[in-house]
Every structure is written in structure tokens, then in C-alpha cells.
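Architecture at a glance
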Amino acid sequence: MKKLFALALSALMLLGMLAGCAPKESQDTTDYSSMTLEELIPLIQTVNEGKLTMVTSPDFAPYEFYALDENDNPTLAGFDIALAQYIADKLGMELEIIPMDFKGTITELAAKKADIGMAGYSPDPEREDAMDFSDVYYEGGQSFVTVQANKDLFPDLASTNKAEYQIGAQLGSIQADLAKENSPDADIVELSKVTDIIAELLSGKLDGAYIETLPAQAYAKNYPDLAVVLDVPYEAEGSVIGVCKGNGPLLAAINLCIQDAIADGSLEQFVTEASELASGNIHEGLLDEDQTPAE
Ligand code: ARG
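These remarks concern the structure in this document. It should be emphasised that the depicted structure is a prediction, and the values quoted were computed from it without experimental measurement. (Residues numbered from 1 in each chain as written. Predicted model: local features only at pLDDT ≥ 70, side-chain atom pairs only at ≥ 80, totals over all residues. Heavy atoms only, no water.)

A few words now on the overall build of the protein chain. When helices and strands are tallied, the protein chain shows nine helices and 13 strands. Burial status across the protein chain gives 49% buried among its 295 residues. Sequence-distant contacts in the protein chain: of pairs separated by 6 or more residues, those separated by 24 or more amount to 74%. As displayed, the protein chain offers around 14,100 Å² of accessible surface, 53% of which is attributable to carbon and sulfur atoms. (Helix = DSSP H or I, 4+ residues; strand = E, 2+ residues; numbered from the N terminus. Buried < 20%, exposed > 50% of the residue type's maximum accessible area, 1.4 Å probe, protein only. Contact = heavy atoms within 4.5 Å. Areas by Shrake-Rupley, 256 points an atom, 1.4 Å probe, with all protein chains shown as cover.)

As a further point, take the packing of aromatic side chains. For any two aromatic rings, the description comes down to two numbers: the centre-to-centre distance and the angle of the planes. Tallied over the full model, the rule gives nine aromatic pairs. With a centroid separation of 5.2 Å and an interplanar angle of 45 degrees, the aromatic rings of F79 and Y138 are classed as tilted. Note that F79 is positioned in helix α3 (residues 79-91) and Y138 in the loop between β6 (132-133) and β7 (142-147), a separation of 59 residues in sequence. A ring pair is formed by F144 and Y210, whose centres lie 5.2 Å apart and whose planes are at 75 degrees; its orientation type is edge-to-face. (Phe/Tyr/Trp six-rings, centres within 6.5 Å; stacked < 30°, edge-to-face > 60°.)

In the vicinity of the ligand, 15 residues are found, and the nearest of them are D59, A119, S122, R127 and E212. R127 places a polar side-chain atom, nitrogen or oxygen, 2.7 Å from an oxygen atom of the ligand. When the free accessible area of the ligand is taken as 350 Å², the share hidden by the protein chains comes to 100%. For the shell around the ligand, the secondary structure elements donating two or more residues are β5 (116-121) and α5 (174-182). A total of three residues in the shell around the ligand trace back to one element, the largest contributor, which is β5. Across the shell around the ligand, the residue classes tally to five nonpolar, six polar and four charged. (Near = heavy atom within 4 Å. Polar contact = N/O pair within 3.5 Å; in protein donor to acceptor, adjacent residues only side chain to side chain. Nonpolar A, V, L, I, M, F, W, Y, C, P; charged D, E, K, R; others polar.)

Quick look at the pairing of strand β1 (residues 51-56) now. With five of six residues buried, β1 lies mostly within the body of the structure. Bridge count for β1 against strand β4 (residues 94-99) is six bridges, and the pairing is parallel. Residue pairing across strands places V55 opposite I98, the latter belonging to β4. Where β1 and β5 come together, two bridges link them in parallel fashion. (Pairing = 2+ DSSP bridges.)

Quick look at the packing of α3 against helix α8 (residues 248-263) now. Across the interface, α3 lies against α8 with an axial gap of 10 Å and an inter-helix angle of 115 degrees. Viewed along their axes, α3 and α8 form a crossing whose handedness is right-handed. On α8, the residues touching L83, Y86, I87, K90 and L91 of α3 are L250, A253, I254, C257, D260 and A261. Among the residues forming the contact of α3 with α8, the class breakdown is nine nonpolar, no polar and two charged. (Axes fitted to C-alpha atoms, helices over the stretch in contact; angles between N-to-C directions. Left-handed = near helix turned anticlockwise from the far one by under 90°.)

Here we come to the sheet that holds strand β3 (residues 74-77). Within the open sheet, the three strands sit side by side as β3-β2-β13. Their pairing is antiparallel. Of all the strands in the sheet, just β3 and β13 (282-283) have a single pairing partner and so form its edges. Of the strand pairs in this sheet, strand β2 (residues 65-68) and β3 are connected by four bridges, and their pairing is antiparallel. The partner of F65 across the bridge, within β3, is A77.

Across the six residues of β5, six count as buried, placing the element largely inside the fold. Pairing between β5 and strand β12 (residues 240-243): three bridges, direction antiparallel. Looking at β12, one finds that I116 is bridged to V243.

Structure follows, in C-alpha cells:
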């Protein structure tokens, strides 16, 4: 009998796990946004109990990147990482960060393999099926980047639209859409990592690239040969946290934490610290599985 009970219980638990972080998605009409953090915390369910699992794409200084310490050991850094830790602390959860390519962060979140994604996401309406958006926590912009020697070739966005140009943008990002929209005649090269785009700009393989302004400026500081030449208009401005779809309590709690981080000055401090760190010794790109810098 006991055995049967245990079996039934594990079947139930398995069902719960399969349902991921949002078991009551369809029928849940509760207004979580009027609740306090104390009220929300006991209601939050996550993919791994007691843990906040986050996906990120650390090729995007100062949002997320690998800082190298004095022994050249890479450590995840950036203001998204600091904000994630701030949120996890407020929720009383352990933070687990899973680094991967940018496009992968969106598919993992859509598959409910993580509770949140923090990768400097723009609230792109095309992503609404994959994730719920938090409130905006950082106001950024979009830029067109080239190298100093080619600066004068690009006085305006129209000048980027030539068939002979190789124009880079990150795979799965809104910059890839911006490239297709503003430089439709050019050869658009979509690469998985922003750091690869930087490398190809510097080596002359790319003539220009669409990159978010803050990372563009951060990389231009480290590589003075880069030139951030144009502002690119984009409607859904600002960065949001991607929350596993249908997890109302977590979304509401995250919005409260964002409000706090803005009000108590933490967020501003995270941005300042991350920007300083990003202009120091950093590792470009992702790491191999054994945590050594990948080539
Ligand atoms: N804001 C852009 C987007 O949401 C780019 C984000 C890229 N983030 C990254 N960690 N590489 O599409």
C-alpha cells in the first residue's frame, strides 16, 4: 500500500515537474501585481525548487560578460548578473546561471527550462510567445558600428544599404531585424556572438554591424579601432527580463525587485561597476564546457 502511495506521489511530482514553472497557466487570472513581495514569495514556483534558474548570453559587456581576474580566471560579470543576484537574494533563492548563445536563451525560456532570461532583452513583440516581459530596467539604444578607417562611408542609415557590404548582427536579436530593415540590399551576416561580430569588424570581414549602443560603446573603449557611427531608431526601446511564460507570481515579484533596485540606487551602481569592469581585462565570448576560455 505504502509502495502504491509512493508511486502515486512520484507520478504526481513528475507531472508537476513536466508542467514546468507555470503549472496553472491557463486558469490563473489572479492579479499578482497588487501583492507585496512577502505575499508573492510563497506562491512562486520555479523549475528547480528553491533555485532561480537563469539563462544568459555573456557576450554583451557591460550587461553580461566574462571578467578576467589577476590570474586570468574568467568570472561571469555584468549588471544583468548583479541584478539577477539582487533579485535572487530578495526572493531568498539560490541563483543558478546557465550561459549559452543568445538565440538559445530564447528557446530555452520558451521551453520552460529556465525561470528567467537576462540578456539585455528588448521587449520585441515577436518574442511574446516565448516569454513574459518584466518592466523595463534599463533604457538603451541601437547603433551602427564600423571601423575608424570606414567611418566616413556611413554618414546616414541609407548609406549602409549597398549590395557590396557585409553587415553583421547577432543571430536571433532585434539587431538582425534592424539590419534587414535598414540595409536590405547588403549581405546580412548573422553570427551567434556579439564578440564574434566585433572580431570580424576588426579583421575587415564585416563592413559594419548593428549592435546595441551600450555594448557597442563598451567594446569601442577596449578596441579604439571601432567607431560607433549612427543611432538606429527602434520602437521597443529599453531592456527587460524575460520571465518563463505564465509564471504570474514570479513576474510580479521581479517587477517589485526591479522597482526596488532602481529606487535604492543599486541598479545605477551595478551599471557603473559593470562598465568599469568591462573596460578592464575581459574574455571575449563564451567559455568551453570545462570553463576554460574558448578560442
Ligand atoms: N537587445 C537585443 C535583443 O533583445 C540584443 C540583446 C543581445 N544580448 C546578448 N546578451 N547578446 O535582441
